[in-house]
Number of protein chains: 2
Amino acid sequence: MAIVDEMVCFSLYSATRATTRAYTELLAPWKLTYTQYLVLVILWNEGSQPVREIGEMLQLDSGTLSPLLRRLESKEFIKRQRSETDTRVVNVLLTEQGNNLRNELAHIPEQIACGTGLPDIASAKALVNSLHRLTESMQEIPTMDSK
Amino acid sequence: MAIVDEMVCFSLYSATRATTRAYTELLAPWKLTYTQYLVLVILWNEGSQPVREIGEMLQLDSGTLSPLLRRLESKEFIKRQRSETDTRVVNVLLTEQGNNLRNELAHIPEQIACGTGLPDIASAKALVNSLHRLTESMQEIPTMDSK
DNA sequence: CGTAATTAGATTGTGCGCAACTTAAATTTG
DNA sequence: CAAATTTAAGTTGCGCACAATCTAATTACG
C-alpha cells in the first residue's frame, strides 16, 4: 500500500472520484454530469431557485455555475429567467422535460446507496455527520487572512 | 439545511473540496497544486517512480499526469528521463530543489491533520478505513459492463 | 522468425472548480 | 438626491479528471 493511502485527504479525494465515476456511468444515457445532476436534485426538491441560492447550497460560484447552467439549458432541462423585481437575479426553473427526468432517474439514489457498501441508514448518517464536521473544521483554518 | 447535505456523495464531494482548498492555500507560496503535492509526497517517500506507478498509486491516467508532470518539471522540482532498458517507460525523479522542498513543506501534514478536526490518530485511521471500503465498494458497481 | 496483442506514455477535447475581473443593478450613506 | 458600496451574474484563464485516440516499443505466440 502506497504512502498516500494513509492520508485522510487522499482517501477522501479517492472516494469522491470513485463516487463521481459511478454517477457518471449511471447518468451517461442522459449525458448529464454529476454536478448537473446535483443542480437537478435541488430544483426537484426545493423548486425554482436563483443562481445565487444554488451556488450557496453547492458551494459553487458563478464561474462554475454560469456555464454549467447554460449547458443544462441547452439540453432543455432547465430555463433561466431574469427576475422582474430585481433584474440582477436570474431564476432557474425546470422545464417539463427536466421535471420528467425526476422519475426517469429515480433508480439512481438507491444504486449509489448500494454502491457505498454501507450496511444501513444509520451508518450512512454517521459518515455524513463526520464529513460535515470535517468540512466545517477545514473551512475554519486561519492561515494568513489575519487582516 | 438543503437536500444535498443529506447525501453521502455530496458530503464527500464537499469535504474533498474543502480539503483541497486548504492545501491550495498552504501550497500557494510554492505555486503547487494539491495533485502536484501528492506526486511529490510519493517521490519523497518511495523514491523515483515510472509514470505508470505514480498513476496507479494516485489512480490517475497519463491524460492527467503528462501535463501535470510537465508543469512540475518546468518548476524544476522533478526530472523525467526515459528508461534505457525499456524506452516506453519514463522515470520521474526529484531534482535537488524537489528534495529540499520536503523540509520546506514539512509543516503541512500537521496543519491539515489539525484542520480535519479529528481528535486523535485512531479516529483518523477509522475514517480512512471506512473511506477505503466505500471506494472499493463503489468501484465494484457492475452497471452495464456485462460483456 | 514474424505477426498480433499488449503496454507506456502523450495528445486532444470536454467539463468542472476556482481565482480574478467585468458589468450592471440595487442599496447604503453622506 | 448623488456618490460610494455592495450584490448578482457573467467572462476569462488555468489546472485538473477523464474519455478517446495515437504512436512507438515490447511481449506473446503461431
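The following refers to the structure shown. (Residues numbered from 1 in each chain as written. Chains lettered and ligands numbered in written order. Predicted model: local features only at pLDDT ≥ 70, side-chain atom pairs only at ≥ 80, totals over all residues. Heavy atoms only, no water.)

## Details of the protein's contact with DNA strand C
Taken together, 28 residues form the shell around DNA strand C, and within it B:Tyr13, B:Arg17, B:Arg52, B:Ser62 and B:Ser66 come nearest. In DNA strand C, the atoms that sit within 4 Å of the protein are 74% sugar and phosphate, with bases accounting for the remainder. Between DNA strand C and B:Tyr13, the relevant distance is 2.5 Å, taken from a phosphate oxygen to a side-chain nitrogen or oxygen of the residue. Taking B:Val90, its main chain carries an N or O atom lying 2.7 Å from a phosphate oxygen of DNA strand C. Looking at the surface near DNA strand C, the elements with two or more residues in it are helix H2 (34-46) and helix H4 (62-74) of chain A together with helix H1 (8-27), helix H3 (51-58) and helix H4 (62-74) of chain B. Broken down by class, the residue content of the surface near DNA strand C amounts to seven nonpolar, eleven polar and ten charged. (Near = heavy atom within 4 Å. Polar contact = N/O pair within 3.5 Å; in protein donor to acceptor, adjacent residues only side chain to side chain. Helix = DSSP H or I, 4+ residues; strand = E, 2+ residues; numbered from the N terminus. Nonpolar A, V, L, I, M, F, W, Y, C, P; charged D, E, K, R; others polar.)

## Focus on the interface of chain B and chain A
Across the boundary between the two partners, chain B contributes 58 residues, which contact 58 residues of chain A. Between chain B and chain A the total buried area reaches about 5,000 Å² when both faces are included, carbon and sulfur atoms providing 69% of it. When the area that chain B buries against chain A is broken down by residue, the three leading residues are B:Ile3, B:Tyr13 and B:Met138, summing to 11%. At the junction of chain B and chain A, the tally comes to zero salt bridges. Applying the counting rule to chain B against chain A returns 21 residue pairs in polar contact (both at pLDDT 80 or more). Of all the elements in the fold, those that place two or more residues in the side of chain B that touches chain A are H1, helix H2 (34-46), H3, helix H6 (108-116) and helix H7 (121-139) of chain B. Class assignment of the residues belonging to the side of chain B that touches chain A gives a composition of 34 nonpolar, 17 polar and seven charged. (Contact = heavy atoms within 4.5 Å. Buried area = accessible area lost by both parts, 1.4 Å probe. Salt bridge = Lys/Arg side-chain N within 4 Å of Asp/Glu carboxyl O.)

## Looking at the protein's contact with DNA strand D
In the region of DNA strand D, 28 residues are neighbours, and A:Tyr13, A:Arg17, A:Arg52, A:Ser62 and B:Thr33 sit closest. Protein-proximal atoms of DNA strand D, defined as those within 4 Å of the protein, fall in sugar or phosphate at a share of 74%. In the model, a phosphate oxygen of DNA strand D is placed 3.3 Å from a nitrogen or oxygen of the B:Thr35 side chain. Elements represented by at least two residues in the surface near DNA strand D include exactly helix H1 (8-27), helix H3 (51-58) and H4 of chain A together with H2 and H4 of chain B. Here the residues of the surface near DNA strand D are counted per class, giving seven nonpolar, eleven polar and ten charged.

## Description of the pairing of strand E3 (residues 90-94) of chain A
Residue and element names in this part refer to chain A. With burial as the criterion, only one face of E3 is covered, namely that bearing Val 90, Val 92 and Leu 94; the residues Asn 91 and Leu 93 on the opposite face remain uncovered. Pairing analysis gives two bridges linking strand E1 (residues 49-50) to E3, with the strands arranged antiparallel. Bridge pairing in E3 links Gln 49 to Val 92. (Buried < 20%, exposed > 50% of the residue type's maximum accessible area, 1.4 Å probe, protein only. Pairing = 2+ DSSP bridges.)

## Describing the sheet that holds strand E2 (residues 78-82) of chain A
Residue and element names in this part refer to chain A. The three strands lie next to each other as E1-E3-E2, forming an open sheet whose pairing is antiparallel. Each having just a single partner strand, E1 and E2 make up the two edges of the open sheet. Pairing analysis gives five bridges linking E2 to E3, with the strands arranged antiparallel. Counterpart to Ile 78 in the pairing with E3 is Leu 94. Against the sheet, H4 touches E2 and E3, its axis set at about 120 degrees to E2. (Axes fitted to C-alpha atoms, helices over the stretch in contact; angles between N-to-C directions.)

## Some remarks on the sheet that holds strand E1 (residues 49-50) of chain B
Residue and element names in this part refer to chain B. Reading across from one edge, E1-E3-E2 is the order of the three strands in this open sheet, with antiparallel pairing throughout. Among the strands making up the open sheet, the edge pair consists of E1 and strand E2 (78-82). Strands in contact with H2 are E1, E2 and strand E3 (90-94); relative to E3, the strand with the most contacts, it is inclined by about 85 degrees. In the packing of H4 onto the sheet, contacts are made with E2 and E3, and the angle to E2 comes to roughly 120 degrees.

## Description of H2(A)
Residue and element names in this part refer to chain A. End to end, H2 covers 18 Å across 13 residues, agreeing with the expected 18 Å (1.5 Å per residue, within 8%). Counted residue by residue, H2 has eleven buried out of 13 residues, so it is predominantly covered. Among the residues of H2, those classed as buried are Tyr 34, Thr 35, Gln 36, Tyr 37, Leu 38, Val 39, Leu 40, Val 41, Ile 42, Leu 43 and Trp 44. Backbone geometry just after H2 places Gly 47 at a positive phi near 75 degrees. (Expected span 1.5 Å × (residues − 1).)

Purely geometric numbers; function is a separate question.
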